[in-house]
Amino acid sequence: MSDLSAQKCEACRADAPRVSDEELAVLIKQIPDWVPEVRDGIMQLERVFKFKNFKLALEFTNKVGAMAEDEGHHPGLLTEWGKVTVTWWSHSIKGLHKNDFVCAAKTDDVFAAL
Ligand SMILES: C[C@H](O)[C@H](O)[C@H]1CNC2=NC(N)=NC(=O)C2=N1
């Protein structure tokens, strides 16, 4: 478990600050497999996880979903044969909050524990 994944998501209000470029540069080092990408004008974190078949991809999807419910913070999940694309961003602030980095690290832990 990393420093980040040991943390809990905090309530994210519409006036919460987005992570700055400097904060992003520090945080992304803790989740090196995640790629920051701007989509529809919104900065997001994305990682593609590979699996041997659809069943395992679905099992991972459900475990990430359970973690998300527990955290009260929810990702984009695209489940396909042999892969799951996970995307984290904070809807309320249309960008990245620390919560997204915490949940990306927790997603890595879910994958590592499969
Ligand atoms: C009311 C509820 O807590 C909010 O809508 C939460 C739910 N999950 C969420 N998930 C994400 N990724 N961003 C949010 O802003 C968000 N808001």
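For the structure given in this document, a descriptive report is provided here.

Cut-off values and rules
- Residues numbered from 1 in each chain as written.
- Predicted model: local features only at pLDDT ≥ 70, side-chain atom pairs only at ≥ 80, totals over all residues.
- Heavy atoms only, no water.
- Helix = DSSP H or I, 4+ residues; strand = E, 2+ residues; numbered from the N terminus.
- Expected span 1.5 Å × (residues − 1).
- Buried < 20%, exposed > 50% of the residue type's maximum accessible area, 1.4 Å probe, protein only.
- Arc of directions from axis to C-beta.
- Polar contact = N/O pair within 3.5 Å; in protein donor to acceptor, adjacent residues only side chain to side chain.
- Phe/Tyr/Trp six-rings, centres within 6.5 Å; stacked < 30°, edge-to-face > 60°.

**Section: helix α2 (residues 54-71)**
Residues lying three or four places apart along an α-helix face the same way, a consequence of the helix completing one turn every 3.6 residues. A rise of 1.5 Å per residue sets the reference length of α2, with its 18 residues, at 26 Å; its end C-alpha atoms lie 26 Å apart and thus fit the reference within 8%. The complete set of buried residues in α2 reads Ala57, Phe60, Thr61, Val64, Met67, Ala68 and Glu71. One side of α2 carries all its buried residues, which in axial view fall inside an arc of 125°. Away from its buried face by more than 90 degrees, α2 exposes Lys55, Asn62, Glu69 and Asp70. With a side-chain oxygen positioned 3.2 Å from the backbone nitrogen of Lys55, the residue opening α2 is Asn53. Remark: Gly72 follows α2 within two positions and exhibits a positive phi of approximately 70°.

**A closer look at the packing of aromatic side chains**
Given two aromatic rings, their pairing is described by the distance between the two centres and the angle made by the two planes. This structure, assessed with the given rule, holds six aromatic pairs. Geometrically, the ring pair formed by Phe49 and Phe60 is tilted, given 4.7 Å between the ring centres and 45° between the ring planes. One end of the pair, Phe49, is in strand β2 (residues 42-50); the other, Phe60, is in helix α2, with 11 residues separating them in the sequence. The exposure classification of Phe49 matches that of Phe60, with both residues buried. When the centroid spacing of 5.8 Å and the interplanar angle of 80° are considered together, the rings of Phe60 and Phe111 count as edge-to-face. Of this pair, Phe60 sits in helix α2 while Phe111 sits in helix α3 (residues 98-112), and the two are 51 residues apart along the sequence. With a relative accessible area of 0%, Phe60 lands in the buried category. Look at Phe111 and you get partly exposed, because its relative accessible area is 28%.

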